[in-house]
Amino acid sequence: MAQPHKRVSIITGASSGLGREFARQIDLLQESDELWLIARKEEALEEVGSALTTPFRALEADLSTQEGISAVKAALEAEKPCVRYLVNAAGFGKFGDWKTIEQEAVDSMIDLNCRGLVDMTRISLPFMARGSRIIQIASAAAFAPLPHMNVYAATKAFVLRYTRALRWELAGSGITATALCPTWVKTGFEKVARESGGAHDVHHLLGAQKASTVVARALRANKAHFAVACASPQSFALRVIGKIVPDCLIMAGWEGIRRL
């Protein structure tokens, strides 16, 4: 008798922040035979995995590079698992305008937040089946253009649109795709975002949520087959505002909020 495929859950950006919390909460679901934790630092992944009850595999890979994507693809093709969850949590942002954010950071944001996410999705889909789940980390920043976070907000708008279109393409497959669009979350995002020439272009991260709350709500939204998980009333309000208020007015309001 043929052996059933091993059920794995793949979590990118798993060494910290939302990725780490997704690893913790998916571990508690006990729906996977193994968790594949992906980030650039294997030592940090080992630390995350040591606190889990589900067996784990630490894959050191930089998903902003083709080499990193190819390494994960090779692992999938070698083991041919059933991918139960794919959580694309790898990504980062920078505060600043077009003059103050370095070119390298701009290119890396686009490569990781957009291309890396799409590539990870495309290499994982052939190993998914009915009941598999995809959660793509977007942001409430996806709902409107945001000066002084312009590239980051644009990458998250890409993630949102890509996920919604992919969801349509997956109709009838039993694979559920959800874009998670939270507002500020208490992770290491702020520290990285302020490592730029425009470090203080956004003064305070007002109303930041706990990562545990955001992840729990994202998992529930995905199981309820939601296309978008806002994870907070504030994010839902921004989603509605983005649909009915002209962008020029939203950007004018953002100019005041970011200076608070």
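Keep in mind that what you see is a predicted model, and the values were worked out from it rather than measured.

A. Expanded view of the pattern of salt bridges. This model, assessed by the stated rule, comprises 14 salt bridges. In this structure, Arg-259 engages Glu-255 in a salt bridge whose closest nitrogen and oxygen atoms are separated by 3.1 Å. Sharing partners across several salt bridges, the network here consists of Lys-6, Glu-34, Arg-57 and Glu-79.

B. Seen up close, helix α2 (residues 42-50). Of the residues making up α2, those classed as buried are Leu-45, Val-48 and Gly-49. The arc that holds every buried residue of α2, seen down its axis, measures 95°, which confines them to one face. In α2, the exposed residues that point more than 90 degrees away from the buried face are Glu-43 and Ser-50. The inward-facing, buried residues of α2 contact α1 (17-29), β2 (34-39) and β3 (56-60).

C. Up close: unusual backbone geometry. Positive phi, close to 55°, is recorded for Gln-30, a residue that is not glycine. Mapped onto the fold, Gln-30 is located in the loop between α1 and β2. Phi is positive for Ala-231, close to 75°, though the residue is something other than glycine. Within the secondary structure, Ala-231 is located in the loop between β7 (228-229) and α8 (233-244). For Ala-231, a relative accessible area of 11% translates into the label buried.

D. Structural view of the packing of helix α4 (residues 103-124) against helix α5 (residues 150-169). Running from N to C, α4 and α5 point in directions that differ by 15°, and their axes come no closer than 9 Å. Comparing their axes, α5 and α4 come out roughly parallel. Pair α4 / α5 crosses with right-handed handedness. Contact residues: α4 offers Val-106, Met-109, Ile-110, Asn-113, Cys-114, Leu-117, Val-118, Thr-121 and Arg-122, while α5 offers Val-151, Tyr-152, Thr-155, Lys-156, Phe-158, Val-159, Tyr-162 and Leu-166. When its residues are assigned to classes, the contact of α4 with α5 shows twelve nonpolar, three polar and two charged.

E. Here's a closer look at the side chain of Asn-222. Mapped onto the elements, Asn-222 comes out in helix α7 (residues 211-223). Within the structure, the side chain of Asn-222 is placed 3.3 Å from the backbone oxygen of Ile-134, a separation counted as a polar contact. Setting aside chain neighbours within four positions, we find Asn-222 in contact with Arg-133, Ile-134, Ile-135, Thr-176, Ala-177 and Thr-178.

Reading the values: the criteria
Note that residues are indexed from 1 along each chain, following the sequence as it is written. Reporting of local features is limited, given that this is a predicted model, to residues whose pLDDT is at least 70; pairs of side-chain atoms are given and counted only at 80 or more, and all residues count toward the totals for whole chains, interfaces and linings. Excluded from the side-chain calculation are hydrogens and water; included are all heavy atoms of the structure. Salt bridge, as used here, is a side-chain nitrogen of Lys or Arg placed within 4 Å of a carboxyl oxygen of Asp or Glu. Throughout, exposure labels follow a simple rule: accessible area from a 1.4 Å probe, protein chains only, divided by the maximum for the residue type, with under 20% read as buried, over 50% as exposed, and the rest as partly exposed. Numbering of helices and strands runs from the N terminus; a helix is a DSSP stretch of H or I covering at least four residues, while a strand is a stretch of E covering at least two. Note that the arc is defined by the directions from the helix axis to the C-beta atoms. Note on definitions: a residue-residue contact is assigned when non-hydrogen atoms from the two residues lie within 4.5 Å. To obtain an axis, a line is fitted to C-alpha atoms, over the contacting stretch when the element is a helix, and the angle between two such axes runs from 0 to 180 degrees between their N-to-C directions. Roughly parallel means an angle under 35 degrees; roughly antiparallel, over 145; roughly perpendicular, 65 to 115; everything else is oblique. When the near helix sits turned anticlockwise from the far one by under a right angle, the crossing is termed left-handed; a clockwise turn instead gives a right-handed crossing. We call Asp, Glu, Lys and Arg charged. Ala, Val, Leu, Ile, Met, Phe, Trp, Tyr, Cys and Pro are nonpolar, and the rest, Gly among them, are polar. Counted as a polar contact is a pair of N or O atoms within 3.5 Å, where, for protein atoms, one must be capable of donating a hydrogen and the other of accepting one, and residues adjacent in sequence contribute only when both atoms are in side chains.

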